[in-house]
Number of protein chains: 2
Amino acid sequence: MHRAAVKKVILEGVLDANDALAQANREELDRAGTYVVNLMSSPGAGKTALLERTLERLRGKLRLGVLEGDVQTTLDADRLARFHVPLVQVNTDPGFGGECHLDANMVRSGLSELPLRDIDVLVIENVGNLVCPAEFKVGEDVRAMVYSITEGEEKPLKYPLMFRSASLVLVNKMDLLEHLDFDIEQFLANLDAVNPGVPRILTSARTGQGVEEWCSWLEQRLPAQRRA
Amino acid sequence: MHRAAVKKVILEGVLDANDALAQANREELDRAGTYVVNLMSSPGAGKTALLERTLERLRGKLRLGVLEGDVQTTLDADRLARFHVPLVQVNTDPGFGGECHLDANMVRSGLSELPLRDIDVLVIENVGNLVCPAEFKVGEDVRAMVYSITEGEEKPLKYPLMFRSASLVLVNKMDLLEHLDFDIEQFLANLDAVNPGVPRILTSARTGQGVEEWCSWLEQRLPAQRRA
């Protein structure tokens with residue numbers, strides 16, 4: 001019990017320090033007028049594929065920027081480079097065999113590489129993980145998550161913090177629905193059990209289903225005075 | 001930099017303490033003659049579904065036991081209860097908003113609830129996560145991972161520690177191959193890039209593909225003197 005208590009104190013200290021840095025990020029982003037979406041999911045749920053569709057569709061309509069978080073590689077940033085939007089890749093591997101989430105300090109290092117005043121909405125693509133990314137604020141305005149229907153119905157109950165902290169859930173890979181034993185009504189009931197009424201959009205990065213609705217949601221994030 | 005260095009020292013301390021407890025687990029398991037497989041994957045890759053198939057097939061052939069790790073709920077243990085094997089659920093949620101992995105201390109608490117001398121092979125189903133479970137030894141003899149082909153080709157490059165630490169990779173959800181834009185040759189090349197020649201079995205918990213081969217692999221884990 002004593003060991004557990006000591007560990008808890010250390011981790012609370014880490015989170016307090018993180019919150020202070022997240023607040024500093026927040027203030028910098030506010031000064032630049034940049035709205036930030038922290039986009040989270042399991043590995044392989046389709047965040048990058050949805051971003052490809054998003055960048056295609058919003059070209060010329062909204063000045064998007066992307067901060068890519070990954071343990072290693074620049075593969076995701078490489079995929080998005082063809083859209084010529086402000087883009088930075090942050091790798092978490094210098095810490096601890098690879099950190100499983102972005103924290104406010106890592107995001108801070110990425111922000112310094114981005115022309116924030118030229119970005120209306122910055123999407124932070126977090127490390128693929130349903131646990132720790134939800135525990136670390138990075139200075140975002142809002143959290144959205146991508147959920148792949150291949151992951152089963154029960155994950156909202158098993159990973160409640162993540163699902164509870166999301167303001168929007170993109171229920172992705174809908175093109176596979178007919179090939180899966182996936183009960184979408186049960187999934188949505190489980191989602192409502194942990195985050196009642198949370199907005200959700202059924203999407204497929206492959207067919208484009210729901211991408212327009214997601215892009216409208218992003219456009220509405222733009223501060224009202226800049227939409228006018 | 002100083003903050004990062006302090007954090008690294010704390011985390012190395014956590015890992016050192018964990019290694020000592022993992023070694024204690026190892027010794028207890030050796031005394032009981034129980035072989036332990038640490039089974040890891042992303043959320044929703046199909047670990048529990050494969051275990052259902054495994055418990056069906058090995059009934060009466062091998063005395064299996066299961067330690068289920070999840071942030072919250074006993075859903076997975078509930079699914080496996082019908083097989084009437086020694087089974088314990090460990091929840092990681094008392095720590096830090098939910099720990100994203102099992103550590104040696106959590107497994108220790110689970111082991112104390114299991115009749116180890118009646119278990120030939122204990123499968124530890126870790127929390128769904130491609131990062132931290134690979135960093136925490138729990139006293140296992142071997143690590144195996146389940147990879148769902150819905151997660152894309154590039155994950156071995158993005159999460160190399162996990163793929164590198166596995167002695168067997170179950171490439172799962174093969175029944176979906178024809179419905180995905182998934183290049184399995186590219187995936188296997190990426191796997192070989194981080195863990196050259198690692199044994200792999202193509203599986204589908206849904207159709208049963210590869211389950212017999214996986215069960216044979218498990219049977220071969222039994223110490224030779226007990227197989228005789």
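One can find the structure itself at the top, above this paragraph.
Residues numbered from 1 in each chain as written. Chains lettered and ligands numbered in written order. Predicted model: local features only at pLDDT ≥ 70, side-chain atom pairs only at ≥ 80, totals over all residues. Heavy atoms only, no water.

The next subject is the interface of chain B and chain A. Each partner contributes to the interface: chain B provides 47 residues, whereas chain A provides 46 residues. Here chain B meets chain A over a buried area of about 4000 Å², counting both sides, of which 58% is carbon and sulfur. The interface formed by chain B and chain A contains six salt bridges. Here A:Asp76 makes a salt bridge to B:Lys158, at a shortest N to O gap of 2.7 Å. For the pair chain B and chain A, the interface holds 14 residue pairs in polar contact (both at pLDDT 80 or more). With eight residues, helix H1 (residues 2-32) of chain B is the single largest residue contributor to the side of chain B that touches chain A. Taken together, the residues that form the side of chain B that touches chain A break down as 22 nonpolar, 11 polar and 14 charged. (Contact = heavy atoms within 4.5 Å. Buried area = accessible area lost by both parts, 1.4 Å probe. Salt bridge = Lys/Arg side-chain N within 4 Å of Asp/Glu carboxyl O. Polar contact = N/O pair within 3.5 Å; in protein donor to acceptor, adjacent residues only side chain to side chain. Helix = DSSP H or I, 4+ residues; strand = E, 2+ residues; numbered from the N terminus. Nonpolar A, V, L, I, M, F, W, Y, C, P; charged D, E, K, R; others polar.)

For the rest of this paragraph, the subject is the relation of the copies chain B and chain A. Each copy of the sequence occupies a distinct position, and chain B is placed on chain A by a rotation of 180 degrees and an axial shift of 0.0 Å, giving an RMSD of 0.0 Å. Accordingly, the operation relating the two chain copies is best matched by a two-fold axis. Every residue of chain B has its C-alpha some distance from the rotation axis, and the shortest such distance is that of B:Asn129, at 3.0 Å. (Least-squares fit on C-alpha atoms with pLDDT ≥ 70 in both.)

The next thing to look at is the packing of aromatic side chains. Between two aromatic rings, the relevant description is the distance of the centres plus the angle of the planes. For the structure shown, the criterion picks out eight aromatic pairs over all chains. A ring pair is formed by B:Tyr147 and B:Phe163, whose centres lie 5.5 Å apart and whose planes are at 65 degrees; its orientation type is edge-to-face. Remark: B:Phe163 occurs in helix H6 (residues 160-165) and B:Tyr147 occurs in strand E5 (residues 142-148); sequence separation between them is 16 residues. Residues B:Tyr147 and B:Phe163 agree in their burial class; the two are buried. Both rings, one in B:Trp214 and one in B:Trp217, keep their centres 5.8 Å apart while their planes meet at 20 degrees; by these two values the pair is stacked. Linking B:Trp214 with B:Trp217, this pair stays in helix H8 (residues 211-221), spanning three residues, or about one helical turn. Classification of B:Trp217 by relative accessible area gives buried; the value is 11%. Here a set of aromatic residues connected by ring pairs shows up, and it is made of A:Tyr147, A:Phe163, A:Phe182 and A:Phe187. (Phe/Tyr/Trp six-rings, centres within 6.5 Å; stacked < 30°, edge-to-face > 60°. Buried < 20%, exposed > 50% of the residue type's maximum accessible area, 1.4 Å probe, protein only.)

Another point: the side chain of B:Asn172. Residues and elements named next belong to chain B. Here Asn172 is to be found in strand E6 (residues 168-172). The exposure class of Asn172 is buried, given its relative accessible area of 2%. Contact partners of Asn172, with chain neighbours within four places excluded, come to Ala45, Gly46, Leu50, Val146, Tyr147, Ser148, Ile149, Thr203, Ser204 and Ala205.

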